[in-house]
Amino acid sequence: VYRMLKSIIERSVSQKNWNEHEKREKLCVAGGAIGIICNILLCIFKFFIGSLTGSVSITADAINNLSDAGSSLVTLFGFKAASKKADSDHPFGHGRMEYVTALVVAFLVIDIGLSFLKDSIGKIRNPEDIQFHVISIVVLLLSIGVKLWLGFFNKKLGKKINSQVMMASAADAMGDVLATTATIVSILVFHFLNLNIDSFVGIGVSLVVMKAGVGIAKDT
């Protein structure tokens, strides 16, 4: 998959009739599209597993992936707006739209984190047992692999084209890796020790998500 995506991106920016600005735009669009596809697929799989196991942390992780897809969509619009040529009202171009977009992404991430926190507190008051399924662990491990790759991909792309938005997306992806890892731990603890820490892990996930959002906003 990595080689396929790399090939597509290399072909898209190898056009000799494109200037550096156009190549940067194409790379940004390609990166945003890849983020949308990966996150939507992860959301579908995790939501199914969360419903199957009754785990609030997995379901929260699924919604987080959906928000990430939305963030990638916002990123695409931001790149398109930032790529507009200078005009009489904006003699230096529209480059600041990229930073405004990164700030919007940051607030979306914080809002999702607050939603997770509310759901997790509700589960503490009304706890529910978690059903253990090997497939859930497999899907979550695959999710970690995808997010690790996406994080490194966005970071490398962000450095290549000097994009704050792509660097923000990379930081968000790495936060997701930590959150999903914690979710796996909560499932295994319940299965082997009969100790339900799912809601508390959900709170931890929400705090990690909100911290990532604050970090993105600060950098922006």
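The structure presented is a predicted model; accordingly, all values stated were derived computationally and were not measured. (Residues numbered from 1 in each chain as written. Predicted model: local features only at pLDDT ≥ 70, side-chain atom pairs only at ≥ 80, totals over all residues. Heavy atoms only, no water.)

Here we take up unusual backbone geometry. Of note in the backbone geometry, Asn194 takes a positive phi value of approximately 55° without being a glycine. Residue classification places Asn194 among the exposed residues on the basis of a relative accessible area of 61%. (Buried < 20%, exposed > 50% of the residue type's maximum accessible area, 1.4 Å probe, protein only.)

Tracing the backbone through its elements, the reader meets Lys155 in helix H5 (residues 134–161). Put simply, Lys155 and Ser169 are 14 residues apart on the chain and 7.9 Å apart in space, counted from C-alpha to C-alpha. Setting aside residues up to four positions removed in sequence, Lys155 forms contacts with Met167 and Ala170. (Helix = DSSP H or I, 4+ residues; strand = E, 2+ residues; numbered from the N terminus. Contact = heavy atoms within 4.5 Å.)

Take the packing of helix H6 (residues 164–193) against helix H7 (residues 198–219) next. The N-to-C vectors of H6 and H7 enclose an angle of 170°; their axes lie 9 Å apart at closest approach. Our classification of the angle between H6 and H7 gives roughly antiparallel. On the side of H6, the interface is formed by Gln164, Ala168, Asp172, Gly175, Leu178, Ala179, Ala182, Thr183 and Ser186, while H7 contributes Asp198, Val201, Val205, Val208, Ile216 and Asp219. (Axes fitted to C-alpha atoms, helices over the stretch in contact; angles between N-to-C directions. Parallel < 35°, antiparallel > 145°, perpendicular 65-115°, else oblique.)

Looking at where Asn65 falls in the secondary structure, it is placed in helix H3 (residues 56–82). Asn65 sits in the buried class, given a relative accessible area of 0%. Separated by 3.5 Å, the side chains of Asn65 and Asn39 make a polar contact. Here Lys46 takes part through its side chain, which lies 3.0 Å from a polar atom of the side chain of Asn65. In contact with Asn65, other than residues within four places in its own chain, are Asn39, Leu42, Cys43, Lys46, Lys147 and Asp176. (Polar contact = N/O pair within 3.5 Å; in protein donor to acceptor, adjacent residues only side chain to side chain.)

All right, on to the confidence of the model for the protein then. Model confidence for the protein is summarised by a mean pLDDT of 75, while 79% of its residues fall at 70 or above. In the model of the protein, helix H1 (residues 2–12) stands out as the element of lowest mean pLDDT, 57, in contrast to H5, which has the highest, 84. (pLDDT = per-residue confidence, 0-100.)

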